[in-house]
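Each chain is listed here by its residues.
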Amino acid sequence: MSRAGEIWDFLKTRKKWWLTPVIIVLILISVVLVLSQGSAVAPFIYAIF
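Note that the structure is predicted; figures quoted are calculated from it, not measured.

**Section: the overall build of the protein chain**
Then comes step 1: Broken down by element type, the protein chain carries three helices and zero strands.
Then comes step 2: For the protein chain, the N- to C-terminal ordering of α and β elements is α-α-α.
Then comes step 3: When the 49 residues of the protein chain are sorted by exposure, 8% land in the buried category.
Then comes step 4: Accessible area of the protein chain: about 4,300 Å², with a carbon and sulfur share of 74%.

If you want it as structure tokens, here you go:
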């Protein structure tokens, strides 16, 4: 989790709070793609993107 700590320190120090929603959306999209790899939902997820 040191990478997450580094990102948090960067956001806090540089006052780049506008990056927070971008990072959250990227994490959510990556979690959805990883979880849908082996399921029956995968073709529908790939059709969206």
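So much for the structure itself; the text now carries on.
**With respect to the packing of helix α1 (residues 2–14) against helix α2 (residues 19–35)**
Then comes step 1: With their axes 11 Å apart at the nearest point, α1 and α2 run at an angle of 155° to one another. On the basis of their axis angle, the class for α1 and α2 is roughly antiparallel. In this structure, α1 uses I7, F10 and L11 to contact α2, whose residues at the interface are L19, T20 and I23.
Then comes step 2: Residues belonging to the contact of α1 with α2 are distributed by class as follows: five nonpolar, one polar and no charged.

**Topic: unusual backbone geometry**
Then comes step 1: Of note in the backbone geometry, K15 takes a positive phi value of approximately 60° without being a glycine.
Then comes step 2: On the secondary structure map, K15 appears in the loop between α1 and α2.

**Describing a nonpolar patch on the surface**
Then comes step 1: Together, I27, V31 and L35 line one region of the surface with nonpolar side chains, adding up to about 300 Å² of accessible area.
Then comes step 2: Mapped onto the elements of the fold, L35 is located in helix α2.

Thresholds, definitions, all that
Residues numbered from 1 in each chain as written. Predicted model: local features only at pLDDT ≥ 70, side-chain atom pairs only at ≥ 80, totals over all residues. Heavy atoms only, no water. Helix = DSSP H or I, 4+ residues; strand = E, 2+ residues; numbered from the N terminus. Buried < 20%, exposed > 50% of the residue type's maximum accessible area, 1.4 Å probe, protein only. Areas by Shrake-Rupley, 256 points an atom, 1.4 Å probe, with all protein chains shown as cover. Axes fitted to C-alpha atoms, helices over the stretch in contact; angles between N-to-C directions. Parallel < 35°, antiparallel > 145°, perpendicular 65-115°, else oblique. Contact = heavy atoms within 4.5 Å. Nonpolar A, V, L, I, M, F, W, Y, C, P; charged D, E, K, R; others polar. Patch = residues over 30% accessible without salt bridge, like charges linked within 9 Å, V, L, I, M, F, W, Y side chains within 5 Å. Salt bridge = Lys/Arg side-chain N within 4 Å of Asp/Glu carboxyl O.

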